[in-house]
Structures are given as structure tokens and as C-alpha cells.
Amino acid sequence: MPHSSLHPSIPRHRGHGIQKAALVLLVACLVALWELGEPPDHTLQWLVCQLASLQLGLLLKVICSLAEELCHVHSRYQSSYWRAVRACMGCPIRRGALLLLSCYFYFCFPNMADLPLTWTLALLGLLQAMNILLSLQGLTPAEISAICEKRNLNVAHGLAWSYYIGYLRLILPGLQDRIRIYNLQHNNMLRGAGSQRLHILFPLDCGVPNDLSVADANIRFLQKLPQQSADCAGIKGRVYTNSVYQLLEHGQPAGICVLEYATPLQTLFAMSQDGRAGFSREDRLEQAKLFCRTLEDILADAPECQNNCRLIVYQESAEGSSFSLSQEILRHLRQEEREEVTVGSVGTSVVPSPSSPSTSSLSQEPKLLISGMEQPLPLRTDVF
């Protein structure tokens, strides 16, 4: 199953599988009708009959929906009745054209004209009333999810953009300068490739403790980076700060980085704990995954944030009881070091000769050697 590069459990955007399946169904039905030997005009007649009935039934459903929306025309549609009608009908031109065609074919086909229009409308009204009252044609969870993702209506979408605009876009452009100032004050402590970025933790279960040492005793707070302040929404000199942590392995220091949780995950967790939010544990997990994917998409198109942060997504319950957060972070740091070495070695690698010593002089600083003799010496020494 397609998934994001951040974590195997994060799904990618939905594709066109439903359209492909419908195309296969269309071909299969046409082949079945051809095998049955049905006359084309008879098939077309019943197809038009079904389409006409469907459009008339949708018209009755629109009328029922409009009855509710007209009660909120002032608060939801700024007193515009036309906007309320469009909200219920969709595109009025398309809906009107389909309705006119349905009525035309209804009266043109002889077998359809034999059915009284009043009887047809009454039967369709009965069917739509049952569908509405019994929710027989309600959207499935997969359809609701697809609509929300397509139109960016998810909670995760708003949280991701809020997190980026209200926080990451403000602190990431100046992060390198703050790290340089920190290194000058603390003996170049943040010197590795992985130490030059902000590492953001994304537990998919949204368990975000306020103290990282609670999550793993091998993560120890060291100091804070120099603060950054900015005027924001009427708040003068709002302060933003980030923390530097030391990672231990077998009781010994193994890495240092700027580390923190993604704070919007606390919001998702709190919503799932409050009954008023109507947010289940399954909803929380789905929104957490979509939050990670949406933020990844945002940062991929943000030049000022590239190479300044790294998202560490993990699912502790799925990893088992042996999962260690500090080891997961160290794995990312070491991977970043390897990536830096790989990129830095492109175009500069030198293959030593077999006779060269193990400690090559290529790694030393070049020196300019000047002879004190007046005449230059030949390259060969066997001439003397």
C-alpha cells in the first residue's frame, strides 16, 4: 500500500482507483449486455429511464435539503437565497440541463409515457423520504474521508498550517544563526550535521509529555538556544525558544541536538479525551497521520525551512515494548551524518595508489616547497 516516506503507516494522497473500478464495471456490464443479446434500443431506453428517475429523485432530495437551509439563510448565506439554492443543488446549469433532458426522454419514450407522471413522482418521493429518514444512502466513512481530504476540511489540515505559519515559519529561517551563537558560547557543542537542525518528534499516538526525560531517561536537557522574539498579533516581543538535549547510549553521551515535540499533537490528544469534541481514538490516529503528511507537503514547498528541520515520526505501540525513543533519535542523527558525508564526497573522492601509505598526505594541508638553489633541478635524479 502506498505510504509516506516519513513512516510506513502514513498514507499518501488518494488516487483514481474509484474511477478505474467504475470503468472496469462499465466495460463488464457492456460485455454482459452484448452476450445476452439485448437490442441496443431496448438497453438505451431503460438506461435513460433509470437516469431520468435518478435525476427526478435528486430534485426531490434537493427540495428537502433546501427546506432546512432556508432556515439558516441569514447566518450561513449572508441573506442570499440564491447561495442557499446553489449550496443544495450544486451547479444549477448542470442540474437544470439534466432535469430537462430527463423530462424530455420521459415523455418521448412510449413505455415511459405510459406511466402517469403523478404516480412516478409519488413513488420517487416515497423512495427519497425513506432514504433520508433511514439514511439508506448515507456516505460511508471512506467517502467522507476522501471528501474531507480533497477539499482540505480535516482538523489536521488546519493544525498543520497553523503550526507552520504561527511557529515554524518564524523560527526556522534564523535557526542557523542562533546555533552559531550557541556554539560560540558553549565550545562548538552543536557541530555535527544532525545538530544543525530542529528535530521535531511526532508520536502517532499523540502522547506528548512536557518533559522528554519522562519519555526516555536517556534524553537529558542541557541548555536553551538563544531566544528569538517577534511582534505577533498585538503581542510585543513575543519570545520563541528551543531546547538542546543530550542523548545517552550505554550510559555515555552519544549525540546532541535541538529537540522538541510537535505541540499540535497535544491538541489532538486533548480533543480525544473531551467528549464534547466528538473525537474518537481512531479519529485521533487518522488526523495525526494526516497532520504529519500535510506538514511534510508544506515544508517541501518552503525554501526558508528546507534543511532546517527533520520530522521524526514513530508509533511506539507498533514498535513493541523494546522501542527506545533515544535510539530512534540517534538513528536519525547518524543517518543525517551519513547523508552529509555522501553528499560531501561527491566529486572529491580520490582513489589512492596501491603503494601509498595508510595515512595519505592528501588529508593534510598543502604546503608550497621552494628550493634555495639558483638553478632548477631536473625531475630525474639518475643524470648526476
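Check the entry above for the structure.
For the structure given in this document, a descriptive report is provided here. (Residues numbered from 1 in each chain as written. Predicted model: local features only at pLDDT ≥ 70, side-chain atom pairs only at ≥ 80, totals over all residues. Heavy atoms only, no water.)

## A few points about the sheet that holds strand β5 (residues 243-249)
Think of a sheet as strands paired side by side through backbone hydrogen bonds, with each pair either parallel or antiparallel.
Alright, step 1. Ordered by their spatial adjacency, five strands build an open sheet running β2-β5-β6-β1-β7, and the pairing between neighbours is mixed. Pairing within the sheet leaves two strands with one partner each, and these edge strands are β2 (219-224) and β7 (309-314). The mean angle between the axes of side-by-side strands here comes to 40 degrees, regardless of whether they run parallel or antiparallel.
Alright, step 2. Helix α9 (residues 155-171) contacts β1 (198-203) and β6 (252-261) of the sheet and is inclined by roughly 155 degrees relative to β1.
Alright, step 3. Helix α13 (residues 281-300) contacts β1 and β7 of the sheet and is inclined by roughly 160 degrees relative to β7. (Pairing = 2+ DSSP bridges. Helix = DSSP H or I, 4+ residues; strand = E, 2+ residues; numbered from the N terminus. Axes fitted to C-alpha atoms, helices over the stretch in contact; angles between N-to-C directions. Contact = heavy atoms within 4.5 Å.)

## Quick notes on the nonpolar core
Alright, step 1. With 56 residues, the main nonpolar core has Leu-168, Phe-202 and Ile-329 as its most contacted residues.
Alright, step 2. A per-element tally of this core places α9 first, with eight residues.
Alright, step 3. Excluding residues that lie within four positions of it along the chain, Ile-329 makes contacts with Leu-201, Ile-219, Leu-247, Cys-257, Leu-259 and Ile-312. (Core = buried A, V, L, I, M, F, W, Y, C linked by side-chain atoms within 4.5 Å. Buried < 20%, exposed > 50% of the residue type's maximum accessible area, 1.4 Å probe, protein only.)

## Some remarks on a nonpolar patch on the surface
Alright, step 1. A cluster of nonpolar side chains, namely Leu-23, Leu-26, Val-27, Leu-30, Val-31, Leu-33 and Leu-36, defines an oily patch on the protein surface of about 650 Å² accessible area.
Alright, step 2. Within the secondary structure, Leu-36 is located in helix α1 (residues 17-36).
Alright, step 3. For Leu-36, a relative accessible area of 65% gives the class exposed. (Patch = residues over 30% accessible without salt bridge, like charges linked within 9 Å, V, L, I, M, F, W, Y side chains within 5 Å. Areas by Shrake-Rupley, 256 points an atom, 1.4 Å probe, with all protein chains shown as cover. Salt bridge = Lys/Arg side-chain N within 4 Å of Asp/Glu carboxyl O.)

## Quick look at the packing of α9 against α13
Relative orientation and spacing of two packed helices are given, respectively, by the angle between their axes and the distance between those axes.
Alright, step 1. Axis separation between α9 and α13 bottoms out at 8 Å; the angle between their running directions is 45 degrees. Taken together, α9 and α13 sit at an angle that is classed as oblique. Of the two possible hands of crossing, α9 and α13 adopt the one that is right-handed. For the pair α9 and α13, the contacting residues are Val-155, Ala-156, His-157, Leu-159, Ala-160, Trp-161, Tyr-163, Tyr-164 and Leu-168 in the first and Gln-287, Leu-290, Phe-291, Thr-294, Leu-295, Ile-298 and Leu-299 in the second.
Alright, step 2. A breakdown of the residues in the contact of α9 with α13 according to their chemical character gives 13 nonpolar, three polar and no charged. (Parallel < 35°, antiparallel > 145°, perpendicular 65-115°, else oblique. Left-handed = near helix turned anticlockwise from the far one by under 90°. Nonpolar A, V, L, I, M, F, W, Y, C, P; charged D, E, K, R; others polar.)

## What to know about the packing of helix α12 (residues 264-273) against α13
Alright, step 1. One can describe the packing of α12 onto α13 by two numbers: an axis separation of 10 Å at closest approach and a directional angle of 165 degrees. Regarding the angle of α12 to α13, the classification is roughly antiparallel. Here α12 and α13 pass one another in a crossing that is right-handed. The residues of α13 that touch α12, namely those facing Pro-264, Leu-265, Leu-268, Phe-269, Ser-272 and Gln-273, are Arg-284, Gln-287, Ala-288 and Phe-291.

## With respect to unusual backbone geometry
Alright, step 1. Notably, Asn-188 is not glycine yet its phi reads approximately 55 degrees, a positive angle.
Alright, step 2. Structurally, Asn-188 can be placed in the loop between α10 (175-185) and β1.
Alright, step 3. Positioned with a positive phi, Ala-233 is a non-glycine residue whose angle comes to about 50 degrees.
Alright, step 4. Of note, Ala-233 is situated in the loop between β3 (228-232) and β4 (235-240).
Alright, step 5. The exposure class of Ala-233 is exposed, given its relative accessible area of 79%.

## Digging into the environment of Gly-192
Alright, step 1. With respect to the secondary-structure elements, Gly-192 resides in the loop between α10 and β1.
Alright, step 2. On the basis of relative accessible area, Gly-192 is assigned to the buried category, the value being 17%.

## Focus on the pattern of salt bridges
Alright, step 1. Here the structure, examined in full by the defined rule, presents seven salt bridges.
Alright, step 2. Note that Arg-334 and Glu-249 form a salt bridge whose closest N and O atoms lie 2.6 Å from each other. Residue Arg-334 is located in helix α15 (residues 325-345), and its partner Glu-249 is located in strand β5; the two are separated by 85 residues in the primary sequence.
Alright, step 3. For Glu-249, a relative accessible area of 19% gives the class buried.
Alright, step 4. The salt bridge involving Arg-276 is made with Asp-274; its shortest N-O contact spans 2.8 Å.
Alright, step 5. A relative accessible area of 26% places Asp-274 in the partly exposed class.
Alright, step 6. Among the ionic contacts, a cluster of salt bridges with common partners joins Arg-197, Arg-310 and Glu-336.

## Quick look at the state of the cysteines
Alright, step 1. All told, the structure shown has zero disulfides when counted by the stated rule.
Alright, step 2. For Cys-206, which is in no disulfide, the shortest distance to another cysteine sulfur is to Cys-292 and amounts to 8.2 Å. (Disulfide = S-S within 2.5 Å.)

## Some thoughts on the pairing of β1
Successive side chains on a regular strand alternate, one facing one side of the sheet and the next facing the other.
Alright, step 1. The element β1 is extensively covered by neighbouring structure, given that six of its six residues are classed as buried.
Alright, step 2. Alternating positions in β1 separate into two faces, Leu-198, Ile-200 and Phe-202 on one and His-199, Leu-201 and Pro-203 on the other, with burial throughout.
Alright, step 3. Note: β1 against β6, four bridges, orientation parallel. Within the sheet, the bridge partner assigned to Leu-201 lies in β6 and is Tyr-261.
Alright, step 4. Note that β1 and β7 share six bridges and pair parallel. Looking at β7, one finds that Ile-200 is bridged to Leu-311.

## Quick word on the packing of aromatic side chains
Alright, step 1. Scanning the entire structure with this criterion turns up seven aromatic pairs.
Alright, step 2. Residues Tyr-314 and Phe-323 carry aromatic rings whose centres are separated by 5.2 Å and whose planes lie at 20 degrees to one another, so their mutual orientation is stacked. As far as burial versus exposure is concerned, Tyr-314 and Phe-323 are alike and both buried.
Alright, step 3. These aromatic residues form a ring-pair network of at least three members: Tyr-163, Tyr-167, Phe-202, Tyr-240 and Phe-291. (Phe/Tyr/Trp six-rings, centres within 6.5 Å; stacked < 30°, edge-to-face > 60°.)

Everything listed is a geometric property; what it means functionally is a separate question.
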